[in-house]
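This is what each chain is made of:
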Amino acid sequence: MSHKSRLLTKPRTVALAAGVALLATRALRHRRGRAPIPRPSESVPPRSRDLGLLVTAHERIADGVVQLRLEGTELQPWEPGAHLDLVLPSGLVRQYSLCGDPEDTSSYTVAARLVEDGRGGSREVHEQVREGMELEVRGPRNRFPLVAADSYVFVAGGIGITPILPMLRALPEGTDWRLLYGGRTRASMPFLEEIEKLAARGGRVTVVPEDEAGPPDLDALFADVPEGAAVYCCGPEGLLAAVEERLPEGSQLHLERFAPRTAGGDGAFEVELLRTGRAVTVPAGTTVLAAVREVLPETASSCEQGWCGTCQQRVVEGEVDHRDDLLTDAERGDSMLICVSRARGERLVLDM
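Rules of the game
Residues numbered from 1 in each chain as written. Predicted model: local features only at pLDDT ≥ 70, side-chain atom pairs only at ≥ 80, totals over all residues. Heavy atoms only, no water. Phe/Tyr/Trp six-rings, centres within 6.5 Å; stacked < 30°, edge-to-face > 60°. Helix = DSSP H or I, 4+ residues; strand = E, 2+ residues; numbered from the N terminus. Buried < 20%, exposed > 50% of the residue type's maximum accessible area, 1.4 Å probe, protein only. pLDDT = per-residue confidence, 0-100.

Participant: Whenever I open this one, the packing of aromatic side chains confuses me. Can you help?
Facilitator: Two descriptors summarise a pair of aromatic rings, namely the distance from one centre to the other and the angle between the planes of the rings. With the rule as written, the count across this model stands at three aromatic pairs. The interplanar angle of 70° and the centroid separation of 5.4 Å between the aromatic rings of F144 and Y232 together place this pair among those described as edge-to-face. Here F144, found in the loop between β8 (134-141) and β9 (151-157), pairs with Y232, found in strand β12 (residues 230-235); they are 88 residues apart in sequence, far enough to count as distant. Of the two residues, F144 and Y232, both sit in the buried class. Chaining the aromatic ring pairs together yields one cluster made of F144, Y152, F154 and Y232.

See below:
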């Protein structure tokens, strides 16, 4: 699963950086009373170095879902909500949420759903990645951290359960939480057995296979949510939008997207390529990457959704409308991901 995340609070938006994750999870483990929401950190730690890991398990855990176990040494620690970048054998880079045990320092576990009409990454994970193969990974990174709160509401759509599952495991027994987990069919929904066991510790779980029960009843889910609850949602765009519409006043909404939300109303602008001595027009609805490739067809990219950093370019002049969820604030000062980000004005100059 690929990732974009936002933290929203009605009536205004609040950004939480990944640096709060460690403090938040420790607070959850040691505090039972009202825990303050961690303050955003001023910066995000640098991205981790690339690491070659051995695929020691590749197993089908639900219809259309495989789980990978990646083993190695010197693995970076992670907190619930974190994800890895997997560099696939073809060179494609895809993002998948960590869904194993953060205490396991010898391996990472991720799960991937096959997207039949996707761009090939999930099919490669399902059909070409095998046990005994070494994969390059980057990360972990966390743009979807679990914060301390008195109560929680979790909403997962399909493979969106993967970042939420470690959060449920991390909650102390007796925590007030509820989960709505929806999917196309019960057979396509991974981790159902474990989720039912977690519910026995005091949570409230509603499983909604669409072929049996229709769409999930979000109004019922939010009917009696306590004020100040932390609401976490990961799934398709329609589900996220529906949750946003129903967010109770005073609740904090944390979203993780399968794909970046498309922004509308973008005007055209000019991009000067300083070293090439050329200029291109980026029309409305066209990415900088696509426009640049008209004159520099070998311009590198991979995910083309603002996650992997392959297309990162240095900005010499102009103000950038950053739409990625990868670069740190410091990196955004003089660079951009040209696959998703755009100009705020009429012109950018890139060191290309």
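That shown, we press on.
Participant: Explain the confidence of the model for the protein here, please?
Facilitator: Any residue range with low pLDDT should be treated as having predicted coordinates unsuitable for detailed reading. The predicted model of the protein averages 84 in pLDDT, with 84% of residues at 70 or higher. Across the protein, the element-wise mean pLDDT spans from 34 in strand β2 (residues 12-13) up to 98 in strand β4 (residues 65-71).

Participant: Which parts of the structure should I look at to understand unusual backbone geometry?
Facilitator: Of the consecutive residues G139 and P140, the connecting peptide bond is found in the cis state with omega at 5°. Note on placement: P140 falls in strand β8. A positive phi angle, near 55°, is found at E74, a position not held by glycine. Take E74: it is sitting in the loop between β4 and β5 (83-87).

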